[in-house]
Every structure is written in C-alpha cells, then in structure tokens.
Amino acid sequence: MFYAVIMAGGAGERFWPLSRRDRPKQFLSLVGERTMLQLTFDRLAGLVPPENVLVITGVNYIETVRQQLPEIPPENIVAEPCGRDTAAAVGLGALHVLRKDPRGIMAVLPADHYIAHVRRFQSVLKAAVSLAAGGRWLVTMGITPTRPDTGYGYICQGELHEYQDGIPVYRVVRFTEKPGPEKARQFLASGRYLWNSGMFIWRADLIYRLIEEHLPALAAGLAEIGRAMDRGSCQEVLSRVYPRLPKVSIDYGIMEKASNVLVLPGDFGWDDVGSWPALERCRETEENGNVIEARGVFLETRNSIIHAPGRLVATLGVENLVVVDDGECLLVCRKDCAQELKRLTAALKEAGLEDAL
C-alpha cells in the first residue's frame, strides 16, 4: 500500500507578519484560494485515498488540520509535542505506516510547496513509488534548476540507473547544503545538479532500518514510542520521550550517508515558497512586475510585493520592496532582505514584542 506523509509542522517565520505561531504559512492561502496544506492534499487525488494520508504537525495545530482536511480520519493527524527536525518527524510517520502495513511505501511531502503542473508531478511520483516498492531504494525528486539559487540544497546526479515509465532515474552522488553564489553558478553550469526538493519516497521498513543504523539514539526513542502505541498509552510516552530525541534533519542524518539513493528529475513548476519574493514565481504579476493584493494606487512602483487586503495602500516611486499589513503588524523591507526575516523575528522577541509573533 502507498501512503502519503505530509509534513506540516514548520513555523514559516520568513512569511511574518502573515505567518504567526498560531497560523504558520502551511495553513495560509498564499498562492490561491486553498491553503498550502490543502493544495498538497489536492495533488494526491487519484493516487492516495484519504485514509492513507497522514499529517505530521504540531500539537497546537491538530484542530486546524481537522478543519482544513476533514476528508482524512482524525487518527491520521499525528501531533508532535515539539519540533525535533525532519528525521524525528519521518521516524514518527514511519511508525504509523508500519502499524498499518509492514511493507507500506511512504511519500514524505512538505505541506508548504507550490507545484504548477500537477499531472507532471503525479507522473514522477508514480514512477518513484514503483522504484521504492521493492524495499531497496531511497528515492527523491530533484528539481531542474533555473537559476543559481543559494537558498536551496543541491543533489549531484551520477550515472543513469534506468528509465521508469519513460522518466530517467539517476544514482545520487552526493547532497550539498545551500552553496555560496559562485558554487551555485558552477552547479547550474555543470548540468549535473538538481535542487533538493525535500520530497522523499521509500518503504517505511527501509527508512526505519536506516534510522536504527545511522541514528541509534533516535531509533531508541522511536522504539519506546512504538511500544507505547502497542499498549495504547502513546500520548504520555510521546510527550515524555519526543522532546529528548536528537534534533537532526533527514538529509543530514540519513540521505547524506546512504549509498542506495535514486533521484528523478522533476520539471513541474516547483517552488518551496520559502519567503515573500517566491510569490512572484507562483502568482501573476501586473505590468510593472508587482504582486499586489491591496486596494489603492501604486504610482511608479515596480517589482514589489504589496499584501494588505484590509488596507488602502498608496505607493510612489518605490521598487523592490515587500510591504505586508495583516491588520495588526506592518512589514516593510527590501526584497533582497526577505530571506533574513528570521533576524527580524528574533529582534522582536529580544525587544519584548513576542506577542507580535
């Protein structure tokens, strides 16, 4: 059986002030009428039945997930007591899949991505599932890069492994974390590198064995949680054990160490919607290159993002700005600073303005 594990536990700080602790970006409608979480679920239509969709989220967002995805069973909403990075979340998802099917295949999908061409995405996902079904391979989707972006990790593709449903499949040589500008330009020019999408497909028993091999402290905690699930006392044990689990990403903890990794290049209009400027790639811009969701006048305003649905806004002679008003807080920053909004949220906290977060 095939299961989708949607990761919906991030904070989305780089979308402040619209994204807050009580409404992080995966629960917001940033690129259409549906929220990012709902769009992720929608992309699985026809591939995964709702009863095979699990959502890993923070304990404070259980009700939000229920409201946004009433189609999935309530027991498929898996709550983390706190964030411990992606290796712990993947391990927790694997535990739940293994209880349903010891040979279950799981696709790990972040809840906050944008994909323009859903049919193309589904074709690549189906091919990845076929590759993962035998229990030998860890499979990922790499994104054909269009620019030397320093905000993404990269995957170096090696020799051609095979074609699956007409899609080329490559062995993975290495994963590289976010490079500097010069290295990113070299990667793009080489034609051998893909962006790391953070989407993974594997058998749940395989990833669990690799966690036992490479992350024994995490495996020990997961085993204790698994025994509690068998006894029906999971919540108390989860609350006690989970905060002590090592905080490590699945990329660093497993993928960078594994030798049995395959990558399928994907060209389906992907974006991780990591910060406000991403909206220029996901939404239509007007004639001056602006993305505007506000009422007002915008004279000699170019290449800016203005989001203030409840406010009249007037701009004159500005360019390359991000202006966001959520009715309570106002953000004004240069677009080239938008990736650094975590600095701003940290400064707000230090200034005693934590209620704005």
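Everything numeric here is computed off the predicted structure, so don't read it as measured data. (Residues numbered from 1 in each chain as written. Predicted model: local features only at pLDDT ≥ 70, side-chain atom pairs only at ≥ 80, totals over all residues. Heavy atoms only, no water.)

(A) Geometry of the UniProt feature "domain: Nucleotidyl transferase" (unreviewed entry) in the protein. In the numbering used here, UniProt assigns the "domain: Nucleotidyl transferase" (unreviewed entry) feature to residues 4–284. Strand forms 25% of residues 4–284 and helix 36%; the C-alpha atoms that close the span are 30 Å apart. (UniProt positions renumbered as here; feature names shortened; annotations may be inferred. Helix = DSSP H or I, 4+ residues; strand = E, 2+ residues; numbered from the N terminus.)

(B) Spatial organisation of the packing of helix α7 (residues 216–231) against helix α8 (residues 234–241). As a packed pair, α7 and α8 sit with axes 8 Å apart at the nearest point and diverge in direction by 165 degrees. As summarised for this structure, α7 and α8 are arranged roughly antiparallel, according to the angle between their axes. For the pair α7 and α8, the crossing hand works out as right-handed. Residue-level inspection shows G221, E224, I225, A228, M229 and R231 of α7 in contact with α8, the latter providing C234, V237, L238, R240 and V241. For the contact of α7 with α8, the per-class residue count stands at seven nonpolar, one polar and three charged. (Axes fitted to C-alpha atoms, helices over the stretch in contact; angles between N-to-C directions. Parallel < 35°, antiparallel > 145°, perpendicular 65-115°, else oblique. Left-handed = near helix turned anticlockwise from the far one by under 90°. Contact = heavy atoms within 4.5 Å. Nonpolar A, V, L, I, M, F, W, Y, C, P; charged D, E, K, R; others polar.)

(C) Just helix α6 (residues 204–214), in detail. All buried positions along α6 are accounted for by A204, D205, L206, I207, Y208, L210 and I211. Buried residues in α6 make contact with α3 (85–100), β4 (105–110), β6 (138–143), β9 (193–203), α7 and α9 (250–255). (Buried < 20%, exposed > 50% of the residue type's maximum accessible area, 1.4 Å probe, protein only.)

(D) Examining the sheet that holds strand β12 (residues 291–299) more closely. Spatially, four strands are ordered β12-β13-β14-β15 in an open sheet, and the strand pairing comes out mixed. Edge positions in the sheet fall to β12 and β15 (330–334), since each of these pairs with one other strand and no more. Along the sheet, successive strands turn relative to each other by an average axial angle of 25 degrees, direction set aside. Strand direction decides the pairing type here: strand β14 (residues 321–325) and β15, joined by five bridges, are antiparallel. (Pairing = 2+ DSSP bridges.)

(E) Quick peek at α3. The terminal C-alpha atoms of α3 lie 24 Å apart, and with 16 residues this matches the ideal 22 Å at 1.5 Å per residue to within 8%. Listed in full, the buried residues belonging to α3 are A87, A88, A89, V90, G91, L92, G93, A94, L95, H96 and V97. (Expected span 1.5 Å × (residues − 1).)

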